[in-house]
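# Architecture and fold: a report
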Amino acid sequence: MPKKHENPTQRANGWWYYRRRIPKHLQGVWRDHGGRQTEHILALKTKDEAEAKRRSKFEDRLFEDKLNLKEEELAASESLDETRIRNFQYFEHRLREAGLHHSQVPSIDSPPEVIRQFLRDRQAFAYGSWIQIDGEHGQFEGGLYDEVHELAMEYDHSGDPATKQKLDDAVYKLNITLGKTKDVGIQISVPTIGVAKEEYLQYIANKAKSTDAKKDESRRVERIVGHLAFVLGNGDPKAGLQRSIASIRSGDVKQFLARLAIRENGSDIPKSPSAVGRELQTMNSIWNMAYEERKEDWPTDVKTESPFAKKRSKLNKEHDDKKKAGLVPDKDRRPFSPHELEIFMFEHLPRMNEEAQLIALIGNHTGCRIGDAAGLKMNDLYLHPNNEHPIPFIFFRDNTIRQLTKDGVQRRVPLFGDVLDRLIEYHDKRISALRADDSDILNAALFPRYGRGQKGSDAVSNLINQKHIHHLRDGDLKLTFHSFRHTLQHKYLAAGQNTQFAGYISGWKLTGLVGKQSEYVKHGIPPEALIDGLKKAHAAKSWGDADMDAALQSRIDQMQGQ
């Protein structure tokens, strides 16, 4: 039973109220007022302490009755037994017919005799009414106990299977009334799909992310779980949400994968296996979180491994095989060639708005992801040297606009050259504009047009990738803003510099760098140690496979000229 709040409780204004916590596993079916509830709170409508205590005792009895009913509602839905579900629905119908359902309880401020009569009627529903036989003797007649007793005697006499079914149904109804429901059906410690989803949405709501980012992630979860509920409910998502997470079978997962592969825009072209794998991983996280919340009470006869586990690696392998066969486009990012980068910087960059230009320059200089650059704040730039910070730098860290993408490394990257000059000029103008508006300078977005979380990142990504880089790649999907990251890595290799420093600067979590990067997160690498290698990397004139091709072409030209 849930832990009781101290009842009754008096508010500061003198009115008393009643409060009970709803057990976590029942919150998915406790929806009397529309949405999911975590607590049952009732105004006792009195300022008199004695009256509040009397009403609180009445509410205690009603709450326990409702608790028993909700336990069985959950157990019936999780059992997937149509007979049991119909029996429960019929039982609720009988309660309503008798005016004894918890939704028909008299108002808490009803006259005491009305409340006592309701409680007597509830008692009589199970035990029957007391019938006086003579001055000294009497018996209970009617009620579920009496019904069970009569059916038991009839079955003992006849052995009729139909009578046995009636007896089982009557015993079932009596058990619900008495709160004896935990010995049947799937154990209550295993949540439904709907409950697991709600818990995961609450986990998202508690994240230290921007409101827009949390909304986007929540919508994604709703969509993915909606697909699973559709499959589990055989086309009825509401029924699917009532399925226990322990009831998901391999056949359900196969159908779920097929549904995830369907594009939302109605295209006949299915999503790639890797895209399906990413969405499947979300469902795997939801399942695992539900288990972790309850693992100490998890039933021993229920599996503890998610049915979605170990599926993503198979989908990635399938994606790689299709990529090799040319059945899906190869989008593995590649670096800019020196020639492509030169064209981008001198022909395309000047045609962008100032904020997009600076985001592109930061991406080229630091190898950061586009969201990390777009979501910078004013206080993330240290542009003027002083005793404490002798080298200008840009500070990539979590803030209220966005978190570093993909759990990137918090890092300080030294600034120099054209990107530093442009940022100083822009930063000064931005300070003047914020002062004119009497705004909080330090916590303001560095790029107001794009510093809007995921929506802002998407907007600048579309501008740079679709309107500019698209014209460079000639159908090659491997060249995007993300290519700045690969370009910096290749420049470090070409300059013979420490590529672990390149990984740190970019916030790139490579397998071989995990150990060192765990230290970087704690202590960081000072810009003084990074600036020499970064300058040499950006001084490189040739790098990567594209330059090997150029060298080969040069050799061919030489041979032809001899």
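Residues numbered from 1 in each chain as written. Predicted model: local features only at pLDDT ≥ 70, side-chain atom pairs only at ≥ 80, totals over all residues. Heavy atoms only, no water.

Moving on to unusual backbone geometry. Non-glycine residue Lys 310 carries a positive phi angle of around 65°. Relative to the helices and strands, Lys 310 resides in the loop between α10 (273–294) and α11 (312–324). Residue Lys 310 is classed as exposed on the basis of its relative accessible area of 63%. (Helix = DSSP H or I, 4+ residues; strand = E, 2+ residues; numbered from the N terminus. Buried < 20%, exposed > 50% of the residue type's maximum accessible area, 1.4 Å probe, protein only.)

Now for the packing of helix α17 (residues 483–494) against helix α20 (residues 527–539). The N-to-C vectors of α17 and α20 enclose an angle of 95°; their axes lie 8 Å apart at closest approach. In terms of orientation, α17 lies roughly perpendicular with respect to α20. Along its contact with α17, which presents Leu 488, Lys 491 and Tyr 492, the element α20 presents Leu 530, Gly 533, Leu 534, Ala 537 and His 538. (Axes fitted to C-alpha atoms, helices over the stretch in contact; angles between N-to-C directions. Parallel < 35°, antiparallel > 145°, perpendicular 65-115°, else oblique. Contact = heavy atoms within 4.5 Å.)

As for its placement among the helices and strands, Val 105 is situated in the loop between α2 (82–97) and α3 (112–127). Between the C-alpha atoms of Val 105 and Leu 119, which are 14 residues apart in sequence, the distance is 9.5 Å. In contact with Val 105, other than residues within four places in its own chain, are Phe 58, Leu 62 and Phe 118.

Right, let's get into the nonpolar core. Within the largest apolar cluster, 57 residues are counted, with the highest numbers of intra-cluster contacts made by Phe 344, Ile 359, Ile 362 and Ile 464. Non-local contacts of Ile 362, meaning those with residues more than four positions away in its chain, are made with Gly 367, Cys 368, Ala 373, Leu 376, Ile 394, Phe 396, Val 419, Leu 423 and Phe 447. With 30 residues, the next largest nonpolar core counts Tyr 200, Ile 204, Ile 224 and Ile 248 among its residues. (Core = buried A, V, L, I, M, F, W, Y, C linked by side-chain atoms within 4.5 Å.)

Before going further, it helps to spend a moment on the sheet that holds strand β1 (residues 9–10). Strand order in the open sheet formed by three strands is β1-β2-β3, with antiparallel pairing between adjacent strands. Looking at the sheet topology across the chains shown, the edges are occupied by β1 and β3 (39–43). The pairing of strand β2 (residues 16–21) with β3 spans five bridges and is antiparallel. When the bridges of β3 are listed, Tyr 18 appears paired with Leu 42. (Pairing = 2+ DSSP bridges.)

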